Amino acid sequence: MAMREGEFERILTVLEEADTDGTLTAREICDLLEEHDEAFGSAHRVATVLGRRAQSGEVEVIQGQPYRYRVPDRDS
């Protein structure tokens, strides 16, 4: 499945609006998206988008059960 345009940006916007610190699971991020009226489909989709961005270093994936994700501050 091809990554739809703007999915990562939608995630970033919600994380910035929610003023989250630290790491979150894909489920926690998906719940935040829903709270901000951003239908995203599933935690699996969130994990897919963040996993792809991790390949370029834009997202840090913390191994564990479940995986946790950290999106570094874009202003740093």
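Relevant structure appears above.
Here the structure is a predicted model, which means the values were calculated and not measured. (Residues numbered from 1 in each chain as written. Predicted model: local features only at pLDDT ≥ 70, side-chain atom pairs only at ≥ 80, totals over all residues. Heavy atoms only, no water.)

1. A look at the pattern of salt bridges
Next, step 1: Evaluated as defined, the whole model comprises 7 salt bridges.
Next, step 2: Residue Arg 68 is joined to Glu 28 by a salt bridge in which the shortest nitrogen-to-oxygen separation is 3.4 Å. Residue Arg 68 is found in strand 2 (residues 68-70), and its partner Glu 28 is found in helix 2 (residues 26-35); the two are separated by 40 residues along the sequence.
Next, step 3: You can call Glu 28 partly exposed: its relative accessible area is 33%.
Next, step 4: Three or more residues joined by partner-sharing salt bridges are found here, namely Glu 9, Arg 53 and Glu 58. (Salt bridge = Lys/Arg side-chain N within 4 Å of Asp/Glu carboxyl O. Helix = DSSP H or I, 4+ residues; strand = E, 2+ residues; numbered from the N terminus. Buried < 20%, exposed > 50% of the residue type's maximum accessible area, 1.4 Å probe, protein only.)

2. Details of helix 1 (residues 7-18)
Next, step 1: For helix 1, with 12 residues, the first-to-last C-alpha span of 17 Å sits near the 16 Å given by 1.5 Å per residue.
Next, step 2: Residues Glu 7, Phe 8, Ile 11, Leu 12, Val 14 and Leu 15 constitute the buried set of helix 1. Buried residues of helix 1 fall within an arc of 165° about the axis and therefore sit on the same side. Away from the buried face of helix 1 by more than 90 degrees, exposed residues Glu 16 and Glu 17 are located.
Next, step 3: On its buried face, helix 1 is in contact with helix 2 and helix 3 (43-54).
Next, step 4: Trailing helix 1 by a residue or two, Asp 19 shows a phi angle of about 50°, which is positive. (Expected span 1.5 Å × (residues − 1). Arc of directions from axis to C-beta. Contact = heavy atoms within 4.5 Å.)

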